[in-house]
Structure formats: C-alpha cells, structure tokens
Amino acid sequence: MARLLVFATLLALSQAQGTGDLDSVIKQIFGNPSTTVMPQASTLVPGIPKSSSSCKLDDGRVGECVQYYLCNSNNSIITDGTDLIDIRVRDGPCASYMDSCCLRPDIRDANNPITPAPDTQPQRMGCGWRNPNGVGFRTTGDVDGESKFGEFPWTVAILNSDYVDPRIEPVNDNEPDGQKLKVYVGGGSLIHPSVVLTAAHYVATSKALRARAGEWDTQTTKEIYPYQDRDVANVVVHKDYNKGNLFYDIALLFLAQPMDLAPNVGVACLPPPRERVPGGTRCFATGWGKDRFGKEGRYQVILKKVEVPVVERNECQTKLRNTRLGHFFELHSSFMCAGGEPGKDTCKGDGGAPLSCPIQYEKDRYMQSGIVAWGIGCGEDGTPGVYVDVSNLRSWIDDKVAGAGYDPRTYTI
C-alpha cells in the first residue's frame, strides 16, 4: 500500500546551543517560500493511486491525464528534448506538471513506459558525476534555484520514521493510530551504496532513521526513476563531536541494505586528506530546506541548489569576528567556509547537506568538500556560511568506512 510522508521542521539544534549564539543554526538554504498553492498531493513517496482524469488537447479532442512517460505522443520529451516539462505550469490541461494530456490510443501500459534515449556520451566511471541537464527528461521554469532531476545524484534526505507531529493530521482519518508520519531530519550524501555522510548534530540522538536517495520534487512521485528508501542500521558519530560548539560535526550512517545505483542515484567523491579547496572556487550547496512539505505544503519543493564561493580560512575568521561571535573567535580546524555574496542565502539550509566543488580538469565531476553546519545571519552582510571541512576529516571517514567492511575507494577520486 502506498504511503504518505511529511517533512516537518526540526528545531533541536537551536535548542542544543546553550548560548543561543547562532541564528537558528541552519535555517533554510533557499530563502522564503513562494505563495504558489500546490495541489494537495502526496509527498516523497508514491501516493494513493488516482484514476486518470479527462482533459482536452489544444484541438479540442478529449484525452486522459497520464504520466508523461506513458504517452506515446510525448516521446519527443525523452528522445531529443524538443519539448520541455515546465515545473511552474499550473494552468495546463492536467493538474500535475508531470502529467500529459494523452489520447487514449496513445496511452502505454504502465509496465512499458517510454524510456530515456541511450546516453551518447562515453561511459562515466566512478563517483561524483553531476548531470547538469538532468536525466530522463528536461525541465524549464527553474528560476528559483531548482535543480534538474538527478542533477546531484548523491544528495540524500534523512528521515526519522519514529516521530509523530501532533499538529499533522493522520494519513487516514479512519485510522488515527495507523501510519506514522515521517519527519525530515536533515540532508546527507551517499558516499558508498551502503554509507551516508552527514552532520552529527541532526543524527546523534535520533532513532529509527531512514535515508532516501534519488528524491527530487517532494510533491510528486511521477518521475521516471523512483527514489529509494533504506533503513539506517548504525550511526557513527565522531568521538570528539561537541553539540555546544559543533566541533567535529560529522557522522556516518550505515544502511541496512545498499542503495541501487541508478541514473538518479550515485555516490559522491571526497577530497584527498587535508587537500582544501582554494578560496574563490565556486561550489554548489544542495538541499530541500526545512519547511513543512506534503499535505500541508504551500509551494512546490524541488531539490534546490545555490552556487557559493569558498572563502579562505583567515578571511572567514576575520568576517566571523565582526559578528556577535566577537573579536576572539577562532574558527576550528574541523570547519571551512563558503558564501557571503549578496543575495545568496548561504547560511540557510539542511544541516548535513553536501557542498560539492568541481574537480579540476574533469568536466561535470564534483567532490564533496563540505557539510552544511551553521551560519550567522543570512549572508547579506558578507558573512560566509560555515561547513564541516571534509578534507580535514577524510582519514576519520576512511577509518570508519573500512572498519565497517566497506571500500573507501568507492568515493576516492
């Protein structure tokens, strides 16, 4: 039976900060929600199946609304990109922008959908491959930092399946004690089919965690490649993690079963030990933010990206000292910085989400140099956001991954 899930706001970190000196540590990475009202659809998982609704084509003929990949007449979307799926269309013949108005003779069997054309580029081996044009279909209308479907295939959503928010209505009104609603904990990255890298501050005390790879638009499940959910079997937090100042804010989630690699699910590369990215390098932070999704969703929530420059440590420390942290603040060695550009909300986002930087001389290949950690303000005053420095903790990652019986070469450049 299909399940409904809901993301909910997690405020534990701000409560954990004894001094309260960090601005709602990790708000949203992507600013305020729009006011566009979304259909009351399922979120993050396959929703309850609905019968096809009728629609009219431009020439007046009556058809049915079906997923775009079940309509023969939309084959051009898949094969050559002459048609684009507009993620902001809300007044078309179908309620969902992922549906197409299709004549009944053109509707394909659900077990035989149109599949993407073969990739004409050379086979890409290894980790860290970004898909800047997306996979399976192309989109337009991404004017608010939305990513393409499958653009960052290593980005993971972490859910807590044991928490029930009393402010959210039951999935089934007739079964108030039935399905539990899952809560969004934070972001992460897949570094091995069985291992997720994230920040410690969201998972150190969480129970019954679940990792989701391949997610994109949390308001629909009509993408041609599905997301994958896996239960977390074990959480390993850095022994020196300090919840008060977030030193060594890093953790690994070992999954009960491995993810299946797919066009929209891949693994991140990690930088070599202590090989920091030069200042000025432009990297991508990705995440969904912390607004409530799904049943209470008020706007579409597609995986977003924001491009930010890496900031050298000394420069970052100087800028942080000009905040309420004070002139004696010292940036810990487990941190790095990025952002601070006007108009870029570099301090907002999902704790644990990846900061992915380009690998030199390899087009479309990235390595995860940072993990979203905390920020002061919202970057509008030039203050960079602070991230966990993955390169400085690479040896710890390797030690724990190898100790669990997995091969670190999976995420090695």
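Here, the structure is the one placed above.
Just so we're clear, the structure is a prediction, and the values are computed from it rather than from any experiment.

1. Some remarks on the pattern of salt bridges
Phase 1: The tally for this structure, following the rule as stated, stands at 20 salt bridges.
Phase 2: Glu64 is the partner of Arg104 in a salt bridge, and the nearest nitrogen-oxygen pair spans 2.9 Å. Remark: Glu64 occurs in strand β2 (residues 62–67) and Arg104 occurs in the loop between β4 (99–102) and β5 (139–140); sequence separation between them is 40 residues.
Phase 3: When the shortest N-O distance is used, the salt bridge between Lys400 and Asp399 registers 3.9 Å.
Phase 4: Relative accessible area serves as the criterion here: at 31%, Lys400 is assigned to the partly exposed category.
Phase 5: A single network of salt bridges, built from pairs that share partners, joins Arg130, Glu151 and Lys305.

2. Thoughts on the sheet that holds strand β1 (residues 54–56)
Phase 1: With antiparallel pairing, the three strands of this open sheet are ordered in space as β1-β2-β4. Bordering the open sheet on either side are β1 and β4, each of which pairs with just one other strand. Mean inter-strand twist for the sheet, computed between neighbouring axes without regard to direction, equals 45°.
Phase 2: Two elements, β2 and β4, share four bridges in a ladder whose sense is antiparallel. Residue Val66 lies in a different strand from β4, and its bridge partner there is Ser100.

3. Structural notes on unusual backbone geometry
Phase 1: If you check the backbone angles, Ala208 has positive phi at about 50° while not being a glycine.
Phase 2: Along the polypeptide, Ala208 turns up in the loop between β8 (195–198) and β9 (209–213).
Phase 3: One non-glycine residue with positive phi stands out, namely Arg274, at about 60°.
Phase 4: A relative accessible area of 64% places Arg274 in the exposed class.

4. Describing the sheet that holds strand β6 (residues 155–160)
Phase 1: Spatially, six strands are ordered β6-β7-β8-β11-β10-β9 in a closed barrel, and the strand pairing comes out antiparallel. With direction set aside, neighbouring strand axes in the sheet form an average angle of 40°.
Phase 2: Where β8 lies against strand β11 (residues 251–255), four bridges are found, and the strand directions are antiparallel. Note that in β11 the partner of Thr198 across the bridge is Ala251.
Phase 3: Docked against the sheet, helix α4 (residues 394–403) engages β7 (183–192), β8, β10 (228–237) and β11, running at close to 25° with respect to β11.

5. Regarding the pairing of β10
Phase 1: Looking at chain direction, β9 and β10 are connected through four bridges and run antiparallel. Directly across from Arg212, in β10, lies its bridge partner Asp229.
Phase 2: The pairing of β10 with β11 spans five bridges and is antiparallel. By the bridge assignment, Val232 is partnered in β11 with Leu255.

Calculation rules
Residues numbered from 1 in each chain as written. Predicted model: local features only at pLDDT ≥ 70, side-chain atom pairs only at ≥ 80, totals over all residues. Heavy atoms only, no water. Salt bridge = Lys/Arg side-chain N within 4 Å of Asp/Glu carboxyl O. Helix = DSSP H or I, 4+ residues; strand = E, 2+ residues; numbered from the N terminus. Buried < 20%, exposed > 50% of the residue type's maximum accessible area, 1.4 Å probe, protein only. Pairing = 2+ DSSP bridges. Axes fitted to C-alpha atoms, helices over the stretch in contact; angles between N-to-C directions. Contact = heavy atoms within 4.5 Å.

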